[in-house]
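# A structural walkthrough
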Amino acid sequence: MNSNYNYAFLDEGSKREIRRSILKAVAIPGYQVPFGSRELPIGRGWGTGGIQLTLSLIGPSDTLKVIDQGSDESVNAVNIKKFVCLCTDVKTTIDTRDATLIQTRHRIPEIPLDNGQILVFQVPIPEPLRIVEAREEATKKMHAEKDYAPMWLQLYESLVKYKKVTIPSEYPCMVEGRYVMNPSPIPKFDNPKLHKAECLYLFGAGREKKIYAIPPHTEVLPLAFDDVPFERESFLGKKCRQCGSENTYLDEIFDAQTGEKFYQCSDTSYCLEARSHVSK
């Protein structure tokens, strides 16, 4: 730990203010709580909201895991871990089960989390209604009045035009039958993991200065019509080339040299564990 920095970089007053916003977000699932987003030595849009949540919550007894698109070794994940370790003395891990605090960019781990874990999302655009209404004051009013007709119309137009809902990620969810929420740019494959989960999900948008949350055991349902159910990505007939998994989210990879297309697990920690079990 670098003694030139305050523990977890942020000053104690800033951490208390962010924690108060987190408590309000937990008390009102799906509601976007404004907060005073702080300056970090990272450009806005590179995960500053999620990092501020992590820095406000982390303590000496925590074990941190950071993933980017499921990978523990991407540039984003590695540099966030380096930054946090520079100003704290916490342990880091790639094992999902060992982590008490997990920061993620656009994936939920394949291994189900328990009630002793917190998953912090980096969120670029927290407002789910932005695709149908550009004005902030208008979206606030729509949430207050629970007026989500434009969002339902967006889904209906997609069905009429393409015979299916074409939203590939950031698929809007209804939280506890009250607020429509943007689950961050996770793939639709991960949406069901939000429903009645054991862990606490926290979402931080630094540029937009918003925090929202899904507490444990909360009802989170993707928006869908009664006669057109929600469908997530299907990997039927495909499997990971490294561990052989057929029930995880798979990245499609193209080898330019051989012209071969193959698939492998997006969650590198899960894949590594699955391969170790196979080798035994």
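Residues numbered from 1 in each chain as written. Predicted model: local features only at pLDDT ≥ 70, side-chain atom pairs only at ≥ 80, totals over all residues. Heavy atoms only, no water.

### Details of unusual backbone geometry
- Phi at Ala-8 is positive, roughly 65°, even though this residue is not glycine.
- Tracing the sequence through the fold places Ala-8 in the segment before α1 (12–27).
- For Lys-146, which is not glycine, the phi torsion reads 55° and is therefore positive.
- Tracing the sequence through the fold places Lys-146 in the loop between α4 (136–144) and α5 (149–162). (Helix = DSSP H or I, 4+ residues; strand = E, 2+ residues; numbered from the N terminus.)

### Section: the pairing of strand β11 (residues 250–255)
- Pairing of β11 with strand β12 (residues 260–265) involves 6 bridges; the strand directions are antiparallel. Within β12, the residue paired with Phe-254 across the bridge is Lys-261. (Pairing = 2+ DSSP bridges.)

### Things to note about the sheet that holds strand β2 (residues 63–68)
- Spatially, the 7 strands line up as an open sheet ordered β1-β9-β8-β5-β4-β2-β3, and their pairing is mixed. On the outer flanks of this sheet lie β1 (33–34) and β3 (91–92), each paired with one strand and no other.
- One ladder, built from 2 bridges, connects β2 with β3; its direction is parallel. Residue pairing in the sheet places Thr-63 in a bridge with Lys-91 of β3.
- Of the strands in this sheet, β1, β8 (200–205) and β9 (210–214) touch α1, which is tilted by about 45° from β9.
- Together, β2, β4 (101–105), β5 (118–122), β8 and β9 form the strand contacts of helix α2 (residues 48–57), whose direction differs from that of β8 by roughly 125°. (Contact = heavy atoms within 4.5 Å. Axes fitted to C-alpha atoms, helices over the stretch in contact; angles between N-to-C directions.)

### Topic: the sheet that holds strand β10 (residues 220–222)
- One open sheet holds the 3 strands; their spatial order is β7-β6-β10, and the pairing between them is antiparallel. The open sheet has two free edges, formed respectively by β7 (179–181) and β10, since each of these has just one partner strand. Neighbouring strand axes in the sheet, compared pairwise and without regard to direction, differ in orientation by 35° on average.
- In this structure, strand β6 (residues 173–175) lies alongside β10, joined through 3 bridges in antiparallel fashion. Among the inter-strand pairings, Cys-173 is bridged to a residue of β10, identified as Pro-222.

### Here's the deal with the packing of α1 against α2
- Remark: α1 packs on α2, axes separated minimally by 9 Å, with the N-to-C direction vectors making an angle of 105°. When the axis of α1 is compared with that of α2, the two are roughly perpendicular. Here α1 contributes Lys-15, Ile-18, Arg-19 and Ile-22 to the contact with α2, which in turn contributes Gln-52, Leu-53, Leu-55, Ser-56 and Leu-57. (Parallel < 35°, antiparallel > 145°, perpendicular 65-115°, else oblique.)

### Details of the side chain of Thr-96
- Tracing the chain through its elements places Thr-96 in the loop between β3 and β4.
- The exposure class of Thr-96 is buried, given its relative accessible area of 2%.
- Discounting residues that sit within four places of it in the chain, Thr-96 has contacts with Lys-65, Ile-102, Pro-109, Ile-111, Leu-113, Gln-117 and Ser-269. (Buried < 20%, exposed > 50% of the residue type's maximum accessible area, 1.4 Å probe, protein only.)

### Some thoughts on the domain arrangement of the protein chain
- On domain assignment, one finds that the protein chain holds domain 1 (12–131 + 157–218) and domain 2 (234–280).
- Distance between the C-alpha centres of domain 1 and domain 2: 25 Å.
- On the domain 2 side, the residues contacting the 15 residues of domain 1 number 11 residues.
- Interface of domain 1 and domain 2: buried area, both sides summed, is about 1,000 Å²; carbon and sulfur atoms make up 52% of it.
- When the buried area of domain 1 at its contact with domain 2 is split by residue, Arg-107, Glu-110 and Phe-189 rank highest and sum to 41% of it.
- Summed over the shared surface of domain 1 and domain 2, the result is 1 salt bridge.
- Between Glu-273 and Arg-97 there is a salt bridge; the shortest N-O distance is 2.6 Å. (Domains from an automatic or database assignment. Buried area = accessible area lost by both parts, 1.4 Å probe. Salt bridge = Lys/Arg side-chain N within 4 Å of Asp/Glu carboxyl O.)

### Digging into a nonpolar patch on the surface
- On the surface, a cluster of nonpolar side chains totalling about 300 Å² of accessible area is made up of Leu-153, Tyr-156 and Val-160.
- Looking at the element boundaries, Val-160 is found in helix α5. (Patch = residues over 30% accessible without salt bridge, like charges linked within 9 Å, V, L, I, M, F, W, Y side chains within 5 Å. Areas by Shrake-Rupley, 256 points an atom, 1.4 Å probe, with all protein chains shown as cover.)

### Brief notes about α4
- Those residues of α4 not exposed but buried are Ala-138, Thr-139, Met-142 and His-143. Taken around the axis of α4, the buried residues stretch over an arc of 135°, which confines them to a single face. Residues of α4 that are exposed and angled more than 90 degrees away from the buried face: Glu-137, Lys-140, Lys-141 and Ala-144.
- Buried-residue contacts for α4 involve α5 and β7. (Arc of directions from axis to C-beta.)

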